[in-house]
Amino acid sequence: MSEYMEKDFEASIDRLPEVLDFVEEEMNKAGCPMKVIMQVNIALEEIFVNVAHYAYPDGVGPARVGIEAGDGKVKIRIEDSGIPFDPLERSDPDVTLSAEDRDIGGLGIFMVKQSMDEVTYSYENGKNVLTFVKYY
């Protein structure tokens, strides 16, 4: 049976290694396959970097990262109290166009949606909550 663990971090790119270490340690404890660990790490990095860059335009704020791993799945939850923003509202980029012809932005969340089995967003109690799940 998997256990939910969470930890608070400063939403700063400098904290990314600590975030990745925290989540990777929990996935290793749960016996997740290396391929899943790598996919989750890439998705987590994309989301956390976006929070660090855009959630708090006037400085740095908190981010809470939660993980539940085991029983054939990894579930990651990222919360911030920054500006309300639903990255899933944006339409997917047209990847058939060349990089020069595509609109800027949106490729990272598109990659997360493609590589994870579930991605959801909600705004709860003044917080952005993005959750993604990978089955293995």
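Right above here is the structure, for reference.
Draft legend 1. Region of interest: the overall build of the protein chain. Helix and strand counts for the protein chain come out as three helices and five strands. Ordered by position from N to C terminus, the α and β elements of the protein chain give β-α-α-β-β-α-β-β. Taken over 136 residues, the protein chain has a buried fraction of 41%. Considering only contacts within the protein chain whose residues lie at least 6 apart along the sequence, 67% involve residues at least 24 apart.

Draft legend 2. Seen up close, the layout of surface pockets. Estimates place the volume of the largest pocket at around 440 Å³. Considering the residues around the largest pocket, the lining is formed by 19 residues, among which Asn 50, Val 51, Tyr 54, Phe 85 and Pro 87 are closest to the centre. The set of elements that each furnish at least two residues to the lining of the largest pocket consists of helix 2 (34-54), strand 3 (73-80), helix 3 (107-115) and strand 5 (127-135). Broken down by class, the residue content of the lining of the largest pocket amounts to twelve nonpolar, four polar and three charged.

Draft legend 3. Local environment of the sheet that holds strand 4 (residues 118-124). An order of 1-2-3-5-4 is seen for the five strands of this open sheet, with the pairing classed as antiparallel. In the strand order of this sheet, the two ends are held by strand 1 (4-10) and strand 4, each with one partner. On average, each strand axis in the sheet is tilted by 15° relative to the strand beside it, whichever way the strands run. Its contacts with the sheet put helix 1 (residues 16-29) on strand 1, strand 2 (62-70) and strand 3, and the angle it makes with strand 2 is roughly 20°.

Draft legend 4. Main features of the pattern of salt bridges. Enumeration according to the criterion identifies seven salt bridges in this entry. The shortest N-O distance in the salt bridge between Glu 6 and Arg 64 comes to 3.8 Å. Of this pair, Glu 6 sits in strand 1 while Arg 64 sits in strand 2; the two residues are 58 residues apart in sequence, bridging distant segments of the chain. Residue classification places Glu 6 among the partly exposed residues on the basis of a relative accessible area of 40%.

Draft legend 5. Inspection of the packing of helix 1 against helix 2 at higher detail. The interhelical angle for the contact between helix 1 and helix 2, taken along N-to-C directions, is 150°, at an axis separation of 10 Å. In terms of orientation, helix 1 lies roughly antiparallel with respect to helix 2. Of the two possible hands of crossing, helix 1 and helix 2 adopt the one that is right-handed. Here Leu 16, Val 19, Leu 20, Val 23, Glu 24, Met 27 and Asn 28 of helix 1 lie close against helix 2, whose contacting residues are Ile 37, Val 40, Asn 41, Leu 44, Glu 45, Phe 48 and Val 49. Grouping the amino acids of the contact of helix 1 with helix 2 by side-chain chemistry returns ten nonpolar, two polar and two charged.

Parameters at a glance
Residues numbered from 1 in each chain as written. Predicted model: local features only at pLDDT ≥ 70, side-chain atom pairs only at ≥ 80, totals over all residues. Heavy atoms only, no water. Helix = DSSP H or I, 4+ residues; strand = E, 2+ residues; numbered from the N terminus. Buried < 20%, exposed > 50% of the residue type's maximum accessible area, 1.4 Å probe, protein only. Contact = heavy atoms within 4.5 Å. 1 Å grid on protein atoms, 1.4 Å probe; cavity = no way out; pocket = protein on both sides within 12 Å on 5 of 7 lines; lining within 4 Å. Points joined across faces, edges and corners; volume = space filled by probe spheres on them. Nonpolar A, V, L, I, M, F, W, Y, C, P; charged D, E, K, R; others polar. Pairing = 2+ DSSP bridges. Axes fitted to C-alpha atoms, helices over the stretch in contact; angles between N-to-C directions. Salt bridge = Lys/Arg side-chain N within 4 Å of Asp/Glu carboxyl O. Parallel < 35°, antiparallel > 145°, perpendicular 65-115°, else oblique. Left-handed = near helix turned anticlockwise from the far one by under 90°.

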